[in-house]
Amino acid sequence: MKLSLALASFVLTSTFVFAAPAALATVNGKAITTNDANAFLSKAAPGMSFNKLDPKMKRQVVDQLVNQTLVKDQVIKSGIQSTPAFKAQYAAIKNDLAVDMWMKQQMNKITVTDKETKAFYDANGDKMKQGDKKVPYEQVKKEITQFLKLEKFKEHMNKTTDALRAGAKVEIKL
């Protein structure tokens, strides 16, 4: 019993030790970790991992993160976030972000069946050519699915905005 408890304790402790992100640098006491580096890289080069970089590139990424941290700290100290101009722009960005996220949610609700995709392919066979040859269905299925999903999304959004307009007081003053 003692051995299994000790083994379980060791496994749990080891798991947490290995799971913790490594600190690559500290800036004024704040750690910059491998998680930070991977997040930075995912924006710059999707699919790239910090651990796959050569030492010179790793150093460049860490230097960039150090610089970003220093600039962010300076921005906070400057007080710009308390200005009316910043607050107005932040509110606009926040609302735009919320709209973008809502639109993505709406898009994710839309489905396209294989039957719909195949029907589109069959109905538009003359457009499914590369040179004189018809492109096989499996090669264009993904693009057709995306196209149909976008078309359904446009239709859904038109119905949504029509319903919103019907329930609102809109005055166009051109």
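Residues numbered from 1 in each chain as written. Predicted model: local features only at pLDDT ≥ 70, side-chain atom pairs only at ≥ 80, totals over all residues. Heavy atoms only, no water.

So, about helix 6 (residues 137-166). Over its 30 residues, helix 6 extends 41 Å from the first C-alpha to the last, a length consistent with the 44 Å expected when each residue adds 1.5 Å. At Glu-143, helix 6 shows its largest kink, close to 30°. Every buried residue belonging to helix 6 is among Tyr-137, Val-140, Ile-144, Leu-148, Lys-149, Phe-153, Met-157 and Thr-160, and all of these are buried. Against the buried residues of helix 6 lie helix 4 (84-109) and helix 5 (114-123). (Helix = DSSP H or I, 4+ residues; strand = E, 2+ residues; numbered from the N terminus. Expected span 1.5 Å × (residues − 1). Bend = angle between axes of the 7 residues up to and from the residue. Buried < 20%, exposed > 50% of the residue type's maximum accessible area, 1.4 Å probe, protein only. Contact = heavy atoms within 4.5 Å.)

Closest axis-to-axis distance for the helix 4/helix 6 pair is 9 Å, and the angle between their directions is 120°. Taken together, helix 4 and helix 6 sit at an angle that is classed as oblique. Where helix 4 crosses over helix 6, the handedness of that crossing is right-handed. Contacts between helix 4 and helix 6 involve Trp-102, Met-103, Gln-106, Met-107 and Asn-108 from the former and Lys-149, Leu-150, Phe-153, His-156, Met-157 and Thr-160 from the latter. In terms of residue class, the contact of helix 4 with helix 6 is built from 6 nonpolar, 4 polar and 1 charged. (Axes fitted to C-alpha atoms, helices over the stretch in contact; angles between N-to-C directions. Parallel < 35°, antiparallel > 145°, perpendicular 65-115°, else oblique. Left-handed = near helix turned anticlockwise from the far one by under 90°. Nonpolar A, V, L, I, M, F, W, Y, C, P; charged D, E, K, R; others polar.)

This paragraph deals with the packing of helix 5 against helix 6. The interhelical angle for the contact between helix 5 and helix 6, taken along N-to-C directions, is 105°, at an axis separation of 9 Å. Between helix 5 and helix 6, the angle is such that the two are roughly perpendicular. Each of Asp-114, Glu-116, Thr-117, Lys-118, Phe-120 and Tyr-121 in helix 5 lies in contact with helix 6, whose residues at this interface are Tyr-137, Val-140, Lys-141, Ile-144, Thr-145, Phe-147, Leu-148 and Lys-152. Across the contact of helix 5 with helix 6, the residue classes break down as 7 nonpolar, 2 polar and 5 charged.

Looking now at the pattern of salt bridges. Under the counting rule described, the total for this entry stands at 8 salt bridges. Residues Arg-59 and Asp-63 are paired through a salt bridge, measuring 3.0 Å at the closest nitrogen-oxygen approach. In this pair, Arg-59 and Asp-63 are both assigned in helix 3 (residues 55-78), 4 residues apart and thus about one turn of the helix distant. Given the relative accessible area of 32%, Asp-63 is considered partly exposed. One salt bridge in this structure joins Glu-155 and Lys-159, with 3.5 Å as the shortest N-O distance. In this pair, Glu-155 and Lys-159 both sit in helix 6, 4 residues apart, roughly one turn of the helix. Connected via shared salt-bridge partners are Lys-169, Glu-171 and Lys-173. (Salt bridge = Lys/Arg side-chain N within 4 Å of Asp/Glu carboxyl O.)

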